[in-house]
Amino acid sequence: MAERLQILVLNEISENGLRRLPSDRYASGKNIAMPDAVLVRSADMHKMEVPASVRAIGRAGAGTNNIPVKAMTARGVPVFNAPGANANAVKELVLAGMLMAARNLSGALHFVGGLAPERPDLEKTVESGKSTFAGFELAGRTLGIVGLGKIGCLVADAAIKLGMNVLGYDPDITVDAAWSLPSQVRKAGSVTEVLRIAQFVTLHVPLVDATRDMVNAENIRLMQPGAVLLNFSREGVVSDDAVLASLATGHLGRYVCDFPSAALLRNERIVCLPHLGASTREAEENCAVMVADQLRDYLEDGNIANA
Ligand code: MLT
């Protein structure tokens with residue numbers, strides 16, 4: 001039997017993805033000494049020495065911040081990713097985030113969760129809960145989307161179906177995205193314009209030099225009073241200090257983010273999630289299948305897609 005290709009798997013990867021690398025031709029696991037390729041989800045590969053035997057890396061997700069892409073490119077090692085494979089999952093969580101903020105759901109859950117279970121005064125709970133946690137509706141409000149890639153386009157479409165007005169900004173929009181963007185989306189000329197006009201602003205950009213601290217002390221004060229900022233992209237895209245200062249003055253209404261940053265914990269107007277955007281069974285499977293197929297095509301036939 002020919003030697004099997006060795007795949008180092010650094011995180012839990014969906015079984016359906018691993019099955020694309022059949023065991024008669026591939027050995028995969030987390031204890032592979034001389035891997036031909038690496039399959040990774042969130043492990044930080046900047047912190048490890050990538051073995052010299054590695055010929056390709058597959059990232060089961062869209063972003064590649066956890067991979068030393070430049071160093072790998074210099075070594076001639078392609079890094080494959082799975083753009084769009086988890087976009088629907090992220091879109092759904094963005095919708096949940098908007099609803100959580102608009103309807104004060106995290107505060108209301110804490111309130112009910114804190115009741116004395118042995119003798120809760122349910123009538124009083126309903127009465128005071130209704131007034132304390134009264135919210136507002138999404139329909140008729142304006143959602144600003146910065147970044148009109150696959151996720152941004154899906155969020156735009158869903159928001160329009162919920163009756164929202166949508167304002168989008170992306171200086172690098174692709175032809176594909178431009179075609180799939182609903183015609184009702186009004187185009188903004190800058191991030192500032194989006195921040196100034198929208199009551200909800202959601203960010204869907206990669207973390208690169210141009211997007212680091214994209215929402216900062218200078219421009220957060222231009223947002224609508226009481227506005228909701230959502231960050232389901234990357235941590236460094238928003239300045240935590242700017243968010244905290246703006247919430248403290250009562251200007252920013254809510255911040256919803258998909259990162260459990262220490263500075264943001266225990267603030268009742270912040271919802272911090274443990275990077276759950278892509279954590280659905282479907283998205284994990286889509287990403288794993290997409291990168292496993294790409295790795296196999298490259299290792300067996302030298303084909304390159306999405307590297
Ligand atoms: C992504 O870049 O697509 C997400 O970070 C995926 C993940 O959570 O693994």
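Parameters at a glance
- Residues numbered from 1 in each chain as written.
- Predicted model: local features only at pLDDT ≥ 70, side-chain atom pairs only at ≥ 80, totals over all residues.
- UniProt positions renumbered as here; feature names shortened; annotations may be inferred.
- Pairing = 2+ DSSP bridges.
- Helix = DSSP H or I, 4+ residues; strand = E, 2+ residues; numbered from the N terminus.
- Contact = placed C-beta atoms within 7 Å.
- Axes fitted to C-alpha atoms, helices over the stretch in contact; angles between N-to-C directions.
- Domains from an automatic or database assignment.
- Nonpolar A, V, L, I, M, F, W, Y, C, P; charged D, E, K, R; others polar.
- Core = buried A, V, L, I, M, F, W, Y, C linked by C-beta atoms within 7 Å.
- Buried ≥ 20, exposed ≤ 12 C-beta atoms within 10 Å, placed from the backbone.
- Near = placed C-beta within 6 Å.
- Parallel < 35°, antiparallel > 145°, perpendicular 65-115°, else oblique.
- Left-handed = near helix turned anticlockwise from the far one by under 90°.
- Expected span 1.5 Å × (residues − 1).

An unreviewed UniProt entry lists the chain under the name D-3-phosphoglycerate dehydrogenase, with Variovorax humicola given as the organism. Under the Pathway (unreviewed entry) heading, UniProt states for the chain: "Amino-acid biosynthesis; L-serine biosynthesis; L-serine from 3-phospho-D-glycerate: step 1/3." Its UniProt record gives the chain the following Function (unreviewed entry) comment, quoted word for word: "Catalyzes the reversible oxidation of 3-phospho-D-glycerate to 3-phosphonooxypyruvate, the first step of the phosphorylated L-serine biosynthesis pathway. Also catalyzes the reversible oxidation of 2-hydroxyglutarate to 2-oxoglutarate."

Visitor: Report on the sheet that holds strand 10 (residues 228-231), specifying residues and quantitative values.
Guide: Read from one edge to the other, the open sheet built from seven strands follows the order 8-7-6-9-10-11-12, with strand pairing classed as parallel. Looking at the sheet topology across the chains shown, the edges are occupied by strand 8 (186-187) and strand 12 (270-272). With four bridges joining them, strand 10 and strand 11 (residues 254-257) adopt parallel strand pairing. The partner of Asn-231 across the bridge, within strand 11, is Cys-257. The sheet strands contacting helix 6 (residues 150-161) are strand 6 (142-146), strand 7 (165-169) and strand 9 (200-203), and the helix crosses strand 7 at an angle near 165°.

Visitor: Describe the domain arrangement of the chain, and please don't skip the residues or the numbers.
Guide: The domains assigned to the chain are domain 1 (5-85 + 281-301) and domain 2 (87-272). On a C-alpha basis, the centres of domain 1 and domain 2 stand 32 Å from each other. Per-class residue counts for the side of domain 1 that touches domain 2 are two nonpolar, three polar and one charged.

Visitor: Describe the nonpolar core, listing the residues and the values that go with them.
Guide: The biggest cluster of nonpolar side chains holds 84 residues, and the ones touching the most others in it are Val-201, Leu-229, Leu-230 and Val-291. Not counting chain neighbours up to four residues away, the residues in contact with Val-201 comprise Gly-144, Val-146, Val-194, Leu-195, Met-223, Ala-227, Leu-229 and Leu-230.

Visitor: How would you sum up the site of the ligand? Please name residues and give values.
Guide: Arg-41, Ser-42, Gly-61, Ala-62, Gly-63, Asn-86, His-275 and Ala-278 make up every residue found near the ligand. In terms of residue class, the shell around the ligand is made up of two nonpolar, five polar and one charged.

Visitor: Go over the packing of helix 3 (residues 87-102) against helix 6 with me, naming the residues and quoting the values.
Guide: Their axes nearest at 9 Å, the elements helix 3 and helix 6 cross at an angle of 45°. Our classification of the angle between helix 3 and helix 6 gives oblique. Every pair of crossing elements has a handedness; the one defined by helix 3 and helix 6 is right-handed. Taken together, the residues of helix 6 that come into contact with helix 3 (itself represented by Ala-87, Asn-88, Val-90, Lys-91, Val-94 and Leu-95) are Lys-150, Ile-151, Leu-154, Val-155 and Ala-158. In terms of residue class, the contact of helix 3 with helix 6 is built from eight nonpolar, one polar and two charged.

Visitor: Mind laying out the environment of Arg-296, listing which residues take part and the relevant values?
Guide: Secondary-structure assignment places Arg-296 in helix 11 (residues 281-301). Between the C-alpha atoms of Arg-296 and Ser-183, which are 113 residues apart in sequence, the distance is 38 Å. In contact with Arg-296, not counting residues within four places along its chain, are Arg-20 and Leu-21.

Visitor: Tell me about helix 6, and name the residues and values.
Guide: Helix length check: helix 6, at twelve residues, gives a terminal C-alpha distance of 17 Å against a target of 16 Å (1.5 Å per residue), a fit within 8%. Lys-150, Ile-151, Gly-152, Cys-153, Leu-154, Val-155, Ala-156 and Ala-159 are the residues of helix 6 that are buried. Where helix 6 is buried, its residues contact helix 3, strand 6, strand 7, helix 7 (175-180) and strand 9. Just downstream of helix 6, Gly-163 is the residue with a positive phi angle, here 90°.

Visitor: So what about the environment of Ala-60? Which residues, and what values?
Guide: By the element assignment, Ala-60 lies in the loop between strand 4 (56-59) and helix 2 (69-74). With 31 C-beta atoms counted inside 10 Å, the residue Ala-60 sits in the buried group. Taking C-alpha positions, Ala-60 is 9.5 Å from Ala-283, a pair spaced 223 residues apart along the chain. Leave out the neighbours within four places in its chain, and Ala-60 touches Ile-13, Gly-17, Leu-39, Arg-41, Ala-82, Cys-287, Ala-288 and Val-291.

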